[in-house]
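# Chain and residue survey
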Amino acid sequence: MIRIILIGFMGAGKTTVGKALAAELGVTFYDLDWYITMRYRRSVPEIFAERGEEGFRDLERRMLHEVAEFENVVVSCGGGTPCFYDNMDYMNSLADTIYLKAEPEVLAMHLRMGKGKRPLIEGKTPEELEDYVRETVQARETYYSKAKHTVDVTLLDTSVKIQESVRIIRKLLKV
Ligand code: S3P
């Protein structure tokens, strides 16, 4: 049975790599944010606006407990998922967890391209964004580093590199 959960900061490529990995392994792919959006019929920014971050984290935890029980899946979670409640220990108890790690400069560059979807970084100037990413990655590292495996995706910006990450993950997990 395959159950792989990808964690890592916003902009690390969890969704892109997760989709490619699931397709290669012939299993179902779930993105936790999409799952939340589908179950609650609200976008992540709408949930933040209506319930605040605390409300979002509560829903996120509950939805994690749904998807993490599925079999033969690759799940990509939100950048903050591992850092709240006992989520990281819970994921480790059920799945092969993989931390997709990248340099803050690279994450900030990816995030500048995908505006409008992430309430935590909305409205930041490029400088503010880079500072926020550097500080938050550092604060979250304690949680991320609990993953069973770490894959460095700093150079992940082409389809060749996505395939390379998938190959590394398959080799690590022998799947
Ligand atoms: C968040 C990351 C987002 C989303 C929400 C909060 C975070 O997911 O869950 O905006 O706290 O890092 P992605 O990492 O998929 O962007």
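Below: a short report on this structure.

Reading the values: rules and limits
Residues numbered from 1 in each chain as written. Predicted model: local features only at pLDDT ≥ 70, side-chain atom pairs only at ≥ 80, totals over all residues. Heavy atoms only, no water. Buried < 20%, exposed > 50% of the residue type's maximum accessible area, 1.4 Å probe, protein only. Helix = DSSP H or I, 4+ residues; strand = E, 2+ residues; numbered from the N terminus. Pairing = 2+ DSSP bridges. Phe/Tyr/Trp six-rings, centres within 6.5 Å; stacked < 30°, edge-to-face > 60°. Lys NZ or Arg CZ within 6 Å of the ring centre and 35° of its normal. Polar contact = N/O pair within 3.5 Å; in protein donor to acceptor, adjacent residues only side chain to side chain. Near = heavy atom within 4 Å. Areas by Shrake-Rupley, 256 points an atom, 1.4 Å probe, with all protein chains shown as cover.

### What to know about the pairing of strand S1 (residues 3-7)
- When you tally the buried positions in S1, you get five out of five residues, the bulk of the element.
- Residues of S1 alternate between two faces, with Arg3, Ile5 and Ile7 on one and Ile4 and Leu6 on the opposite face, all of them buried.
- Examined bridge by bridge, S1 and strand S3 (residues 73-76) share four bridges and lie parallel to one another. What sits directly across from Ile4, in S3, is Val74.

### Topic: the packing of aromatic side chains
- A full pass over the atoms with the stated rule returns six aromatic pairs.
- By the ring-pair criterion, three or more aromatic residues cluster together here, those being Tyr30, Tyr35 and Phe70.
- Its guanidinium or amino end placed over the ring of Tyr85, Arg61 lies 5.5 Å from that ring's centre, counting from NZ or CZ.

### A few points about the environment of Glu141
- When you line up the elements, Glu141 lands in helix H6 (residues 126-144).
- Its relative accessible area of 21% is what places Glu141 among the partly exposed residues.
- Spatially, the C-alpha atoms of Glu141 and Cys83 are 9.1 Å apart, while their sequence positions differ by 58 residues.
- A distance of 3.2 Å separates a polar atom in the side chain of Glu141 from a polar atom in the side chain of Lys101.

### Quick notes on the site of the ligand
- If you check the shell around the ligand, you find 13 residues, and the closest are Lys14, Asp33, Arg57, Arg118 and Arg140.
- For the ligand, the protein covers 95% of the area, taking 390 Å² as the surface of the free molecule.
- Residue contributions to the shell around the ligand peak at three residues, all from helix H3 (residues 44-67).

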